[in-house]
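Structural description and commentary
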Amino acid sequence: MTGRLYGVGLGPGDPELITLKAARLIAEADVIAFHAGVGKQSNARRIAAGLIPDGVIEEELRYPVTTGETAHAGGYAGAMAEFYEESAARLAVHLEAGRTVVVLAEGDPLFYGSYMYMHDRLADRFETEVVPGVTSFAAATATTASPLVRQTDVLTILPGTLDEPELARRLADTDGAIIMKLGRTFPKVVSALRQAGRLDGALYVERASMPEERWLPVADVDADTVPYFSLIVVPGDTSESRRSSGARNEPRIETSENTTATLLVVGLGPGPDRWITPEVSAALAEVDHVVGYAPYVNRVPQREGLTRHASGNTVEVDRARLALDLALKGERVAVVSGGDAGIFGMAAAVFEAAEDEAFADVPIQVLPGLSAVQVVAARAGAPIGGDFAVMSLSDRLKPWSLIEKRLRAVAAADLVLAIYNPASRSRTTQVADAQRILLEHRAADTIVVIGRDVGRDEESLTITTLAGLDPETIDMKCLLLIGASGTRTTAAGQTWTPRFTE
């Protein structure tokens, strides 16, 4: 019979925080394995030292590199992957011999722990059990007596190795937060906290539960003294909304005599930041609030003084009212859309909400953005070089009978047709229905361009025909361009539509 593998959490450093089950398994083990850094003693073994029985087999798994450069052909990732393979092979020898192997893990084995890489390689071959341990952030919040999150607050665990803009955005969008992996990342983390408006109240904790433990406000920490065994606690009570209003998700409203501010409605373009216009970038740098669908709000860089209001995909008028209300009180607000805000975007929703007499005095300015139809057409060549129409297949705001009527009119007029929102999880038949209707008026070999995630890493562009279009391959990430009778393809595979009528 083969042996059994245990991943045993030891807690953050204080041996008294080791669970009774962990202590029992360590005392009964045939083999004790532990990881150690380059030129360092294993912290995990130090924590468990008083429990390790005499005569037990010990396997020290010493990293070949921690951070920095390595001569390995595969770089850091290659060196570590090879190390984990070799370590797993060493433990497998004991398991195959029927020995019980306990892998010691600081904190919890599956929380940023090295044990998980052994688990990945051995759990499908040997009987395995994971014993949880007290996490370092649990010890840190206990040390500082900081209530981390309350009631419906959201807690986010963040590695300090994230890019600074992404770290700032996530800090602004959560209530409570824990930031791990400090050390050399500390100055960047402090900058991100400041941009997110979360520096005040953020607490630095070093070596939580260990004899060398210390904690103090992040703003008071000397960056040159920050070790790897440190983290930052950002209590939910420090969030901008709770400090200003006492309730979560309440916007920060100044009560002084403000004058109504112009409400900006901006398009961010359909993909990468390089497609955001300088005008829009300058406007976003000046506003106090950004309102919009969460994926679009997430594209706006976080900075100090900016409050974000993200919401779902079907509450356009509600978010427009929120933005108008903020502007009415004198706040500088931008409502953001993907692509161009005036093409199936938030601009129309804002004007719809602004019909309420309460917002009659709010000026609205729409700033254009690069549209999805433009970028897909550019990738394909010049398929909208002549007359063209733009339609959405979504029947959430209009009946399918109206969509069908317009499809027939466009098809009969021999216009190139750009189709937004072709399909979704709840709308699975409309592409096939549109294809059938168009084939009543267009030739089977009419050129069709399918742009998927254009401008993003997963971008693809497919050129097919109207008869060859497979509706099963189309989803909300796609934009379709249905050619006119004159649309043609070059020898290089690009499509274009003449400016003249044949």
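Since this is a predicted model, take the numbers as computed values, not measurements. (Residues numbered from 1 in each chain as written. Predicted model: local features only at pLDDT ≥ 70, side-chain atom pairs only at ≥ 80, totals over all residues. Heavy atoms only, no water.)

Let us now look at the overall build of the protein chain. Looking only at helices and strands, one finds 15 helices and 23 strands in the protein chain. Computed over its C-alpha atoms, the radius of gyration of the protein chain comes to 29 Å, more than 25% above the 23 Å expected for a compact globule of 502 residues. Here the protein chain, with 502 residues, has 48% of them falling under the buried criterion. Taken as a whole, the protein chain presents about 23900 Å² of accessible surface, with 51% of it coming from carbon and sulfur. Within the protein chain, one finds 48 positive and 67 negative side-chain charges whose respective centroids are separated by 2 Å. (Helix = DSSP H or I, 4+ residues; strand = E, 2+ residues; numbered from the N terminus. Rg over C-alpha atoms; globule rule 2.2 N^0.38 Å. Buried < 20%, exposed > 50% of the residue type's maximum accessible area, 1.4 Å probe, protein only. Areas by Shrake-Rupley, 256 points an atom, 1.4 Å probe, with all protein chains shown as cover. Lys, Arg positive; Asp, Glu negative; His and termini not counted. Charge placed at Lys NZ, Arg CZ, Asp CG, Glu CD.)

Below, the discussion takes up the sheet that holds strand 3 (residues 57-62). Spatially, 3-2-4-1-5 is the arrangement adopted by the five strands of the open sheet, whose pairing is parallel. Each edge of the open sheet is held by one strand with a lone partner, namely strand 3 and strand 5 (127-131). For this sheet, the mean angle separating the axes of adjacent strands, direction not counted, is 20 degrees. Of the pairings in the sheet, the one linking strand 1 (residues 4-9) to strand 4 (residues 101-105) comprises five bridges and is parallel in character. When the sheet's bridge partners are listed, V8 is paired in strand 4 with L104. On the sheet, helix 4 (residues 115-122) packs against strand 1, strand 2 (31-36), strand 3, strand 4 and strand 5 and is oriented at approximately 160 degrees with respect to strand 5. (Pairing = 2+ DSSP bridges. Axes fitted to C-alpha atoms, helices over the stretch in contact; angles between N-to-C directions. Contact = heavy atoms within 4.5 Å.)

Helix 15 (residues 430-439) packs onto helix 14 (residues 400-412) with a crossing angle of 35 degrees between their chain directions and a minimal axis gap of 9 Å. In terms of crossing hand, the pair formed by helix 14 and helix 15 is right-handed. For the pair helix 14 and helix 15, the contacting residues are W400, E404, L407, R408 and A411 in the first and Q430, D433, A434, R436, I437 and L438 in the second. Among the residues forming the contact of helix 14 with helix 15, the class breakdown is six nonpolar, one polar and four charged. (Left-handed = near helix turned anticlockwise from the far one by under 90°. Nonpolar A, V, L, I, M, F, W, Y, C, P; charged D, E, K, R; others polar.)

Quick look at the confidence of the model for the protein chain now. Summing up the model confidence of the protein chain, the mean pLDDT is 92 and the portion of residues at 70 or higher is 95%. Taken together, the stretch residues 242-256 has pLDDT below 50 and engages in 32 contacts with residues farther than four places along the chain or on a different chain. (pLDDT = per-residue confidence, 0-100.)

Here the focus is the nonpolar core. The nonpolar side chains of soluble globular proteins are, as a tendency, buried together. Membership of the largest hydrophobic core comes to 23 residues, with the highest contact counts inside it found for L393, L407, L417, I450, I474 and I482. Of all elements in the fold, only strand 17 (388-392), helix 14, strand 18 (416-420), helix 15, strand 19 (447-452) and strand 21 (478-482) reach the threshold of two or more residues within this core. Broken down by element, this core gets its largest block of residues, five residues, from helix 14. Leaving out residues up to four positions away in the same chain, I450 has contacts with S460, L461, T462, T464, L469, I474, C478, L479 and L480. Counting residues in each nonpolar core, the second largest holds 22 residues, with L171, I179, L182 and V189 among its members. (Core = buried A, V, L, I, M, F, W, Y, C linked by side-chain atoms within 4.5 Å.)

Our next topic: the side chain of D340. Within the element layout of this structure, D340 appears in the loop between strand 14 (333-337) and helix 12 (346-353). Buried and unpaired, D340 has R299 as its nearest opposite-charge partner, separated by 12 Å. Setting aside residues no more than four positions away along its own chain, D340 makes contact with G267, G345, P368, G369, L370 and S371. (Salt bridge = Lys/Arg side-chain N within 4 Å of Asp/Glu carboxyl O.)

With that settled, consider the sheet that holds strand 23 (residues 495-496). The strand order 16-23-22 describes an open sheet built from three strands, whose pairing is mixed. One side of each edge strand has no neighbouring strand; the edge strands of this open sheet are strand 16 (381-382) and strand 22 (488-489). Bridge analysis of strand 22 against strand 23 gives two bridges, and the strand direction is antiparallel. Residue pairing for strand 23: T489 is matched across the bridge by T495.

Attention now moves to helix 11 (residues 316-328). Spanning 13 residues, helix 11 covers 18 Å between terminal C-alpha atoms, matching the ideal 18 Å at 1.5 Å per step. Of all the residues in helix 11, the buried ones are E316, R319, A320, A323, L324, L326 and A327. For helix 11, the arc enclosing every buried residue in end-on projection is 160 degrees, short of the 170-degree limit, so these residues lie on one face. In this structure, the buried side of helix 11 is in contact with strand 11 (263-267), strand 12 (289-293), strand 13 (307-311), strand 14, helix 12 and strand 15 (364-367). (Expected span 1.5 Å × (residues − 1). Arc of directions from axis to C-beta.)

Within this structure, the stated rule accounts for 28 salt bridges. A salt bridge links E206 to R214; the nearest nitrogen and oxygen atoms lie 3.0 Å apart. For E206, a relative accessible area of 7% puts it in the buried group. Residues joined in a network through salt bridges with shared partners are E166, R169, R170, D173 and R308.

Take helix 14 next. The first and last C-alpha atoms of helix 14 sit 18 Å apart over 13 residues, in line with the 18 Å expected at 1.5 Å per residue. Buried within helix 14 we find W400, I403, L407, V410 and A411. Down the axis of helix 14, the sector holding all buried residues measures 95 degrees, keeping them to one side. Residues of helix 14 that are exposed and point over 90 degrees away from its buried face: S401, K405 and A412.

One can expect most non-glycine residues to show negative phi and most peptide bonds to be in trans. In this structure, Y112 takes a positive phi of about 50 degrees despite not being glycine. With respect to the helices and strands, the residue Y112 is situated in the loop between strand 4 and helix 4. Here the phi dihedral of D414 falls at roughly 60 degrees; this positive angle occurs in a residue that is not glycine. On the secondary structure map, D414 appears in the loop between helix 14 and strand 18. Owing to a relative accessible area of 32%, D414 belongs among the partly exposed residues under this scheme.

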